[in-house]
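# Chain and residue survey
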Amino acid sequence: QTGKRHQPYDLNARRKPDLSSTCEPSCPKDALSNTSSGPSSSMPPPARTTPMCTSRETVRDVYLELAAKHYPYYTPKNDHEIFLLGGGSYKGPKSIEGITQHMEERMQNAISAWKGTREFVIRNAAKTLDMKADFTGLKPRPGDPGVFIRPLPDSDYSIRLFPGSKAASEYCLDFVLSATGEPVNSPFKFNLLAGPGPTTPVGFVPTVGVQALECSFGIAQKDIRPGAEKFLLRDGQLCTLQRPGHKDVQFTVPMRRRPEPPNPDVVVLELPQYV
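Residues numbered from 1 in each chain as written. Predicted model: local features only at pLDDT ≥ 70, side-chain atom pairs only at ≥ 80, totals over all residues. Heavy atoms only, no water.

## Let's talk about the side chain of Q237
Looking at the element boundaries, Q237 is found in the loop between β7 (231-234) and β8 (238-242). When its relative accessible area of 16% is taken as the criterion, Q237 is described as buried. Within the local environment of Q237, its side chain forms a polar contact with the backbone nitrogen of R234, the two atoms lying 2.9 Å apart. Aside from chain neighbours lying at most four places away, what touches Q237 is A194, G195, G197, F251, T252 and V253. (Helix = DSSP H or I, 4+ residues; strand = E, 2+ residues; numbered from the N terminus. Buried < 20%, exposed > 50% of the residue type's maximum accessible area, 1.4 Å probe, protein only. Polar contact = N/O pair within 3.5 Å; in protein donor to acceptor, adjacent residues only side chain to side chain. Contact = heavy atoms within 4.5 Å.)

## Concerning the pattern of salt bridges
Overall, the coordinates contain 14 salt bridges when judged by the stated rule. Put simply, R141 and E65 hold a salt bridge, and the shortest N to O gap is 3.9 Å. Pair noted here: R141 is in the loop between α4 (118-129) and β1 (148-151) and E65 is in helix α1 (residues 59-70), with a separation of 76 residues, a long-range link. Owing to a relative accessible area of 27%, R141 belongs among the partly exposed residues under this scheme. E65 sits in the buried class, given a relative accessible area of 12%. With a closest N to O distance of 2.6 Å, D174 and R160 form a salt bridge. With D174 in strand β3 (residues 170-177) and R160 in strand β2 (residues 157-163), the pair connects residues that are 14 residues apart, well separated along the chain. In the salt-bridge network here, residues are joined through shared partners; they are R56, E65, R141 and D144. (Salt bridge = Lys/Arg side-chain N within 4 Å of Asp/Glu carboxyl O.)

## Some points on the pairing of strand β9 (residues 249-252)
Where burial is concerned, the two faces of β9 differ: the one with V249 and F251 is buried and the one with Q250 and T252 is not. Where β8 folds back onto β9 in an antiparallel hairpin, the turn is made up of six residues, including G245, whose phi is positive at roughly 80°. (Pairing = 2+ DSSP bridges.)

This is the structure:
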């Protein structure tokens, strides 16, 4: 898989503010596909008391889901901890005691840096967490809308398309086992190309090779968590999947409608979309 993305992927740079300006000056920004592991084997994980969110309407919903996924044995004590654990910026110890101590150190660093109070840091984290979510890269859950699975000829695998940011017109692709729907990383040799779709004006964008989203952030293919790999596409793109020894497979990424409110000061002239 070759080719480069037009921009780096950063969990929503266009869709959420730089949280370091509101919560902690030194917060790094990582891809959703982080590689956090569980606690040490010497510490049995206790039951989680924080309920899992089923909605993805707000940044809080998404961060709670990710914090519970990567740290199921630890319950965030406040919004600042939700931000750190769910946003991918936490790189500290994995034990409960280690996380607790590290969270307090990060809190004190934020208080010192902003010359504020604990309540000030938590309040600013809450402002970000309460924003409307519009992420790219979250794997779909059963029943999520806008997900399309299509089997590949002469293969045990299917492609799965699932929506990313609507504002940025981003879709994602991954591979799943046709029999179970389980996502897998690059199950065979292939080349994925993406270019102008049938409704894209000629010469608008070139056809380019698409690499895994994680690889565009410098993560080696072998280091991508099993089933976490994904490829970034855009609404309306015409894509070609090339496999050695097989016919090429083509598909067009679905386009999401974004109806605009009528402007009473404008007269709209209707013309056919296709001629």
